[in-house]
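Each chain, written out:
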Amino acid sequence: MVGASHPVPPAPGLPPSSAAAASPVVPSPRRPTENGGGSASERVRWWYESVLGWPTAPGEPVRLRTGVRFDVLDVPADAGYATLERLGRAEQAEGAERVKRAERAGSAGADGAGSPVPGFPVAVRGGRMLLLVAAGAAEELPGLLEWLEWGSLPLDLTAVGTGGLMDAPPVPEPGPAGLPPRPPERDGLRGAAVWLRPPVPGYEVGSSLPALSVPGCAGTALDLARLVHTLATQCHRVRLAASDPPRARPVARVG
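What comes next concerns the included structure.

What counts and how
All residue numbers here refer to positions counted from 1 along the written sequence of the relevant chain. Whole-chain, interface and lining totals are the exception, using all residues; otherwise, since this is a predicted model, local features are given only for residues with pLDDT of at least 70 and side-chain atom pairs are given and counted only at 80 or more. Derived side-chain values reflect all non-hydrogen atoms in the structure, with water molecules and hydrogen atoms excluded from consideration. Each residue's exposure class comes from its accessible area (1.4 Å probe, protein chains only) as a fraction of the maximum for that residue type: buried when under 20%, exposed when over 50%, partly exposed otherwise. Secondary structure elements follow DSSP: runs of H or I of four or more residues count as helices, runs of E of two or more count as strands, with numbering from the N terminus. A pair of strands is treated as paired once DSSP finds two or more bridges between them. We call two residues in contact when some of their heavy atoms are within 4.5 Å. Helix axes are fitted only over the stretch in contact, all axes being lines through C-alpha atoms; the angle between N-to-C directions runs from 0 to 180 degrees. Any angle that is under 35 degrees is reported as roughly parallel, and any over 145 degrees as roughly antiparallel; angles of 65 to 115 degrees are reported as roughly perpendicular and all others as oblique. With the far helix as reference, a near helix turned anticlockwise by less than a right angle produces a left-handed crossing, and one turned clockwise produces a right-handed crossing. Residue type decides the class: Asp, Glu, Lys and Arg count as charged, Ala, Val, Leu, Ile, Met, Phe, Trp, Tyr, Cys and Pro as nonpolar, and the leftover types, Gly among them, as polar. Stacked, edge-to-face and tilted are the three classes for Phe, Tyr and Trp ring pairs, Trp counted by its six-membered ring, which pair at centre distances within 6.5 Å; planes under 30 degrees apart are stacked, over 60 edge-to-face, the rest tilted. Two thresholds decide whether a charge sits over a ring: the Lys NZ or Arg CZ must be within 6 Å of the ring centre and within 35 degrees of the ring normal. Salt-bridge detection follows one rule: a side-chain nitrogen of Lys or Arg within 4 Å of a carboxyl oxygen of Asp or Glu. How far a helix is expected to stretch is found by multiplying one less than its residue total by 1.5 Å.

Some words on the pairing of strand β3 (residues 71–76)
Moving residue by residue along a regular strand, the side chains alternate between the two faces of the sheet. Most of β3 sits inside the fold, with six of its six residues counted as buried. In terms of strand pairing, β3 meets strand β5 (residues 128–133) through six bridges, oriented antiparallel. Looking at β5, one finds that V75 is bridged to M129. Note that β3 and strand β6 (residues 158–160) share three bridges and pair antiparallel. The residue of β6 that forms the bridge with D74 is T158.

Set out below in structure tokens:
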């Protein structure tokens, strides 16, 4: 029979157990562990693949595959910062209202209020901001912009989905005394991607990514339509500001 294996007799003068021990054993390749081994890029790749469970593409530099665990919305950094600030204020107001409703409902309602879901990951690269959204959002973006009546305007808003790649930011370093990771400084300005809001190890990132809401289901993540509408509004404002002629400074009159 083709492919069948046959037992190999032990070498003369050796018992069967000694023959088995003499056979060379080739260990399987191992990825570097968290605390040592491998180059810097290998440690970065290990963190994304083993700690977060995000697939990476072979080669250097380390790049993350989009369309598997997440998609990416790519916008001007100014529009992205304005969007995060606006959404942050709205989230604080909504959180305060939820607390009030929970207090009026009593202790059971307070328990049901729950803790907020960690914000979805956001990175910056040069003058661009990369916002991680649910996988499949890139395919929904054109139709969503049409539905939101933004489809006819030239917005600097693109999406990267299935088959795309994203430069892997360096592993975020925790701040002193357990403070949040340090914010990006010169790396993001030089063009290297860095985390502005890093992913949380041990937390299922999919449940925090903005996605289209399902009617009748109360989700915990930001609704994708709301995020895209806010991004489109801020992208439009950035484009209008860039097209406006520079304003002349008023000349002080000397009496």
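A word on the environment of G88
Along the chain, the position of G88 falls in helix α3 (residues 77–105). Remark: the alpha-carbon pair of G88 and G119, spanning 31 residues in sequence, is separated by 9.7 Å.

Brief notes about the environment of L73
Positionally, L73 belongs in strand β3. Along the backbone, L73 and G161 are 88 residues apart, and their C-alpha atoms lie at a distance of 9.0 Å. Ignoring any residue separated from it by four or fewer positions in sequence, one finds L73 in contact with M129, L130, L131, V133, L141, L157, T158, A159, L227, V228 and L231.

Observations concerning the environment of E49
With respect to the secondary-structure elements, E49 resides in helix α2 (residues 40–52). Sequence-wise, E49 and L64 are 15 residues apart; in three dimensions their C-alpha atoms are separated by 9.4 Å.

Focus on the packing of helix α5 (residues 137–147) against helix α7 (residues 224–243)
The interhelical angle for the contact between α5 and α7, taken along N-to-C directions, is 65 degrees, at an axis separation of 10 Å. On the basis of their axis angle, the class for α5 and α7 is roughly perpendicular. The interaxial crossing formed by α5 with α7 has right-handed handedness. Where α5 abuts α7, its residues A137, L141, L144, L145 and W147 lie against L224, A225, V228 and A232. Split into classes, the residues belonging to the contact of α5 with α7 amount to nine nonpolar, no polar and no charged.

A few points about the packing of aromatic side chains
Under the counting rule described, the total for this entry stands at four aromatic pairs. A centroid spacing of 5.0 Å and a plane angle of 85 degrees characterise the contact between W47 and Y48, whose relative ring orientation is edge-to-face. Classification of Y48 by relative accessible area gives buried; the value is 0%. We note R197 situated over the ring of F120; from NZ or CZ to the ring centre the distance is 5.0 Å.

Some points on the pattern of salt bridges
Counted according to the given criterion, the structure contains five salt bridges. A salt bridge links R45 to E60, with the shortest nitrogen-to-oxygen separation between them at 4.0 Å. Of the two residues, R45 is situated in helix α2 and E60 in the loop between β1 (56–57) and β2 (63–65); the sequence distance between them amounts to 15 residues. The class for R45 is buried, based on a relative accessible area of 11%. Two residues, R89 and E85, come together in a salt bridge whose shortest N-O distance is 3.2 Å. Within this pair, R89 and its partner E85 are both found in helix α3, separated by four residues, close to a single helical turn.

Some words on α2
For α2, spanning 13 residues, the distance from its first C-alpha to its last is 17 Å, which sits close to the expected 18 Å at 1.5 Å a residue. When α2 is considered as a whole, its buried residues turn out to be S41, V44, R45, W46, W47, Y48 and L52. Next to the buried residues of α2 lie β1, β2 and β8 (194–197). Trailing α2 by a residue or two, G53 shows a phi angle of about 75 degrees, which is positive.

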